[in-house]
Every structure is written in structure tokens, then in C-alpha cells.
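# Descriptive analysis of the structure
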Amino acid sequence: MGMTNTPTADPVSPGGRAARPAGPASGPVDPSRWLRTYHPRGSAAARLVCFPHAGGAANAFVALSAALPEDVELLAVQYPGRQDRRGEPCAQDLSELAAGVAGALTASPDDRPLFLLGHSMGALVAFETARLLEGHGGPARLFVSAARPPAQDWQEPDLALVGDGELIAGLRRLGGIPEPLLADPEIAAEILRLLRADHRALLRHRCARGTAVAAPVTVLLASADPKNSPAQMADWGGHTTRGHEVVSLSGGHFALLERPAESAVPLTERIRGDLARAEASGAPAPEPLADLVRELMMEGLAGRAPRLTTDLTALEAAAGRVMAPEAFAYVSGTAGSGATGRAGRAAFEALRLVPRMLRGTRRADTSVTLFGQRLPVPVLLAPLAAQQVAHPEGESATVRAAAATGVPMVLSTFASRTLEEVAEAAGGHPRWFQLYLPSDRAVGASLVRRAEASGYGAIVVTVDATHLGFRPAELDSGYSPFLRGTGIANFTSDPVFRAGLPADADATQAVLRWAQISTDPTLTWEDLAWLRGLTRLPLLVKGILHPDDARLALEHGADGVVVSTHGGRQLDGSVSALESLPAVRAAVGSDVPVLMDSGIRTGSDVLKAVALGADAVLYGRPYVYGLGLDGGRGVEHVLRCLLTDLALALALTGCASLADVGPHVLANGDLR
Ligand SMILES: Cc1cc2nc3c(=O)[nH]c(=O)nc-3n(C[C@H](O)[C@H](O)[C@H](O)COP(=O)(O)O)c2cc1C
């Protein structure tokens, strides 16, 4: 069978509707132009996005689409410059194509697992697309057909120097284009125009050795492909962190497309196998450190600006412009004169990191082990109460974004969603529960039981807010989310709490009861020992600033401490958390987990905290500003910025992993 890909034929647009005419060549590209669905399979379990070869078009994949089973839906990529997109210029660069496809895929969210398949030059575009998609969960697998690894010299001639006749003869030898098309002078001229344009982009493409995707790679290599040999395929292994395999097809360079029934077999086997494994082991781990910088640059090239600023210190001002004034005052507010809040930031800004050069660190390892659990980054989301003040989806949106970026969330006792709802939204993603011990201990015990039953991995008991700080911003607006019913979901859903109310209690009675029992100013260290006896989960004490309190926490059963000023919301004029950190670390020794928060905004801040003894940090207000600005997508954006910044900060200080970070990365006035 000859290949039915014709560069001039009218393609089928998504869903079989007529193709839309090409739009203007400049400005943002309409994402719907990039993908064609020849056989819509709405109930398919997986999507396979296919990238054509140089000179090819989306309809190269019509036959393969038909050959695939009902559980796989094929989406064929249409590059600009051909068929219904003929009015647009061909791409100058393969990265432009990847940015377009990645943009189209992320613009129309679809939960079904994504697989990418690129043929010949299309394999490189698929590889670049996979890299761009990693921050969005990434593809489950990358299939590459008839293509050498991206960092290898493809030894392609410059087609600008090859005459038309010679080029047509070469195409005949390679196969794949039906003879009647090559014999038609008009069609042949169009084929050569596209081939030369795509080929220019291919020659321009550069990829460094070791540039890797987090998806496994399946290489499809035809037995009689004159352009590629098995030996040349080995280097694909260096372009994936999840392993590669080579599968043999019979036929020539275009075997994938010429023998669709045969090609569909290994594709279907791999796709079904990956889906079954993902189901058996829960969702695949997300790639937390996607190449955000590159992605944003590519987006810029396609005319799209980020929806939110990447300046994490500017989020507060941006949120202040869109959040309801009282909600913004609640989140941003600090105690008294704000001195502790300012001191928190000033402490970070006063420290200087010392960059180190030529350490050969491609990407630093940011993972850390806490209580036997490996985390991809030394960052968890700090417990921030009542997140529905920022967005109607509140903590559910937050935890989904946390899961997408690999960051565990610490859920507040005073969440606006129940801990069970948040557990469900989190899927299998790790999360901890922050406990304010209520004066009604039976309610406290019930909360701990529910957290255990819902799979929370640790209890963080907060001890610095048994008296609420004096917070002028909240007081001036007379605003408490809790008294308006937001942030008490864990109580109104609690059977023990409800048992303390009359059967016909209304919302006001529930709020009043909550106000009576939700905190306890009489707490002592003995209560911590009581809590210790209640649960076998790791127990951390949050709000420690004095080394003696850290020792007392351990003596009364804590497994770890969180050094914190509560974001400057409690004692005005207190020491900053960063100032206290070294003394607390010294007091508890090197084996006890020490976390810290209050004032962390950037990746460099995280690095400074780790340098002074923190195992990990809790990230606070900025993610709630992201939530207020753009819901879960805003939280994800903020976290991706932070994690990218952290990975870069590690690399720029010459650290290959977090284990390499210590006080030596900080300037101490004497660099000798
Ligand atoms: C609006 C808001 C609500 C908070 N709610 C809680 C809470 O419910 N439990 C808790 O332990 N800490 C709470 N905190 C403190 C945070 O966990 C964290 O210590 C603090 O936000 C760190 O400061 P930063 O956000 O300025 O970095 C809250 C902080 C803010 C700003």
C-alpha cells in the first residue's frame, strides 16, 4: 500500500467537520488548528498525538487512526504552511511547532492519558513537545519512528543545494509518496516546497546530549530503513529518565505509515500496558521540575504571555488588586506594627549566597526524605486556613495543584473544605494534617482519627496561636471568615462536634460552638504527650522559635519541629524564624526533621533555609495569592515558578543535590 499523505489534499478537521480557512500568519495561533481527529472516540481511554515527517501533513495518519482499536483516539498534528494552513508560513524552528502543539493540548484540558508518536522529523517535534508538557503531567510514553536521537548529527544534506530532479528521485527511492503524486508537476512542486521548508527547521534544530524527558521511549525502527540503523538508536537511552526500547517493524523508512495494521499492534500493546500499570500503582508521579523557563519562552514565541507574573515577590500586590478587600486583608495581614512580618523577609534578604562555577551540574537533585517518605522537593504547602476566601474551590483546587507539582499539602484544621473532601481531591498524593487542638479534646481526637482514616501522613500541631495575635487589618474591617461560616468545615462535618449541638442547631449555633471550643489557651506540654499517645503518625510541633521549646517538644513526644512566626501574625516584634533556625537545629541535633516557614518567597530563600539547617520548608501566602488570582491554575503556576527557581539556585551555587547544601553556600564576610 502506498502512503496516502498528500500535501495538497483537503484534510479533515477535528470531529470530521470542514476545515476552517487559514488565518493571519502573525499573532497568536488558534490552538484548534493544530490537531485533527479522523476517528473521534470519545470513550477511548488514551489519546495518541501523532507528528508527521518533514514535508508531511496530518492526513499521513488517517490509515493508522483507522487501524487503532476503539480505546485509543488518534490526534494528528497539522503543521502550519500546508493544506488548510497553507496561508501561514512554515515554522522556522521545530521548537515553534512543539510550542504550538503543547499550547493546543493544554488549552483544551482532557484527563485521558496522553501518548506522543513522531515519525522521522516529527519524532524530534514530539520529543520537544514532551518536554514542554512535563509541567502538565507529561505524556505517559513517547513513541519515535524512523528517527535518530535528538542530540545526534542526522547527517542530512542541505536540500537548498539539491536540485528538484535529484530530490524527487530521492523521494522515489525512500518510498512513502504514491507515484501519481510525484508525477504531477504541481503536486510535486508543493511537496518539495514543504520538504525544503521543514528540512531547514530540522537542520537548525539543536539538542544537548543528556536532555531527557521523564517518559519512557519506544523506538520504532523498520528493518529496511535506509536512513537509520539499530546502532544509531542506542543514544535514545540518554534522552529519557524512564528507559527506552527498540521495536522492529518490517518495511522501509515509511513502514509506520505504510503498514498501519502492523504498526498499530506494538502501539496498542504499550499503551494498554502503561494504562494498566498506572491503574495498578495509582497516578504516575508528576515531574515537578519541568522546564518552565523554556516553556514560557516558547509561549512568548507563539505570542502568549504568562497569565500571572513569575516574580513571586510581586504576587501580593497583584492579588491585592483582584481579591475582595477583606479577604486580602485577612491573608496579607500581620500582627501589630508588622515588624515580625518585615523581619521575616529582611532576614532572608540579609543573607547572601555565593555562586560557584563549572561544577557540571545539569539538573540538581532536589529530593529529600522526611519520615521515611521521599519527596521530590524540600517544600510543602503551609497550612493556611479558610482558603475559600480566595477562591470558591478553596483547598480542593490547592491540593490538585499541589499534586500536579509534587508538593505535599499541609491541610489546616480550619480549612473551608473537609479533610475527607481534600483527601479525595488529592488522589493518592501525600498530604499532612495541621491540628489546632480544640479545648474539647474529644473533638481533637475525632479529627486525628479522621485524618488517619483519610490517609494523611503526619500531624502538625500548631502551638503558637493558642491566643490569636492582635491583627489590625482584620480588626479594622471586623472581618473573620470563621464567624461567617468559612473555615469550620472540619467541625460541622465532625460527628463528635455535632453531637455537642442540639439536633436542630442552625449555622449560627454551629459557629458559636466552634468559637467556644476551636482553640485552647490553657494548653501545656502535657497535652502534647496526650496527643502523642493518640496517634502513631509522625508528630511535628509548629511555631517553635526558642531552642528550649524545641527540646521540650521532643521530650513530650514530637518527631520534628517547624520553626515559624506564623507569618508574622502572632507576636509583633518577635525574632524571625530564620534567625532562630540555627539554634533550633543545634538543639535537636542532626537527625530530627526541622522545617521552617515565614517569609519564604523564592527558590533562593528555600536554599538559604536549607543552608541554615532546615530539611524542608513550608510555603505560605504566595500560593494563596495564586489561588486568588487564577484558582488552581494560579497555585500550580506559583509552585512551578518556585521549584524552577530552586533548581536553578542549587545549580548556580554548584550543588548537585540538597545534601551538598550547607552554611558554605552563604557568604560570611570572608571568602578566603
Ligand atoms: C491567611 C493565613 C492563614 C493561616 N492559617 C493557619 C492555620 O490554620 N494553621 C497554621 O498552623 N498556620 C496558619 N497560618 C500560618 C502559616 O502556616 C505559615 O506559618 C505562614 O503563612 C508563613 O508565613 P508566610 O506565608 O509569610 O511565608 C496562616 C497564615 C496565613 C497568612
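What you see is a predicted model, and the numbers here were worked out from it, not measured in a lab.

## Observations concerning the domain arrangement of the protein
Interfaces are often sized by the amount of accessible area the parts lose when they come together. Parsing the protein into structural domains produces domain 1 (30-301) and domain 2 (315-665). Averaged C-alpha coordinates put domain 1 and domain 2 at centres separated by 43 Å. Taking both sides of the interface into account, the surface hidden between domain 1 and domain 2 amounts to around 1,200 Å²; carbon and sulfur atoms contribute 55%. The tally of links from domain 1 across to domain 2 stands at one salt bridge. Between Glu295 and Arg640 there is a salt bridge, with its nearest N and O atoms 3.0 Å apart. Linking domain 1 to domain 2 there are one residue pair in polar contact (both at pLDDT 80 or more).

## Examining the pattern of salt bridges
Applying the stated criterion across every chain yields a total of 39 salt bridges. The residue Arg449 makes a salt bridge to Glu452 at a minimum N-O spacing of 3.0 Å. Of this pair, Arg449 and Glu452 both sit in helix H16 (residues 441-453), separated by three residues, roughly a single helical turn. Taking the relative accessible area as the measure of exposure, Arg449 reaches 42% and is therefore partly exposed. Ionic pairing is found between Asp559 and Arg532, a salt bridge with its closest N-O pair at 2.7 Å. Remark: Arg532 occurs in helix H21 (residues 525-534) and Asp559 occurs in the loop between helix H22 (547-555) and strand S15 (560-563); sequence separation between them is 27 residues.

## A word on a nonpolar patch on the surface
Among the surface-exposed residues, Val293, Met297, Leu648 and Leu652 lie close enough to one another that they form a single nonpolar patch of about 400 Å² accessible area. Taken together, the elements giving at least two residues each to the nonpolar patch come down to helix H10 (292-301) and helix H25 (621-652). Within the secondary structure, Val293 is located in helix H10. With relative accessibility at 41%, the residue Val293 sits in the partly exposed group.

## Quick look at the side chain of Gln570
Inspection of the secondary structure assignment puts Gln570 in the loop between S15 and helix H23 (577-588). In this structure Gln570 comes out as buried when scored by relative accessible area, which is 12%. Within the local environment of Gln570, its side chain forms a polar contact with the backbone oxygen of His467, the two atoms lying 2.7 Å apart. Those residues in contact with Gln570, other than ones at most four positions away along the chain, are Ala335, Asp464, Ala465, His467, Leu468, Gly469, Phe470, Arg471 and Thr565.

## Points about unusual backbone geometry
Notably, Gln155 is not glycine yet its phi reads approximately 50 degrees, a positive angle. When you line up the elements, Gln155 lands in the loop between strand S5 (141-145) and helix H4 (164-174). Given a relative accessible area of 61%, Gln155 falls into the exposed group. The backbone of Ala386 shows a phi angle near 50 degrees, a positive value even though the residue is not glycine. Its location among the elements puts Ala386 in the loop between strand S10 (379-381) and helix H14 (394-405). For Ala386, a relative accessible area of 0% translates into the label buried.

Rules used in this analysis
Residues numbered from 1 in each chain as written. Predicted model: local features only at pLDDT ≥ 70, side-chain atom pairs only at ≥ 80, totals over all residues. Heavy atoms only, no water. Domains from an automatic or database assignment. Buried area = accessible area lost by both parts, 1.4 Å probe. Salt bridge = Lys/Arg side-chain N within 4 Å of Asp/Glu carboxyl O. Polar contact = N/O pair within 3.5 Å; in protein donor to acceptor, adjacent residues only side chain to side chain. Helix = DSSP H or I, 4+ residues; strand = E, 2+ residues; numbered from the N terminus. Buried < 20%, exposed > 50% of the residue type's maximum accessible area, 1.4 Å probe, protein only. Patch = residues over 30% accessible without salt bridge, like charges linked within 9 Å, V, L, I, M, F, W, Y side chains within 5 Å. Areas by Shrake-Rupley, 256 points an atom, 1.4 Å probe, with all protein chains shown as cover. Contact = heavy atoms within 4.5 Å.

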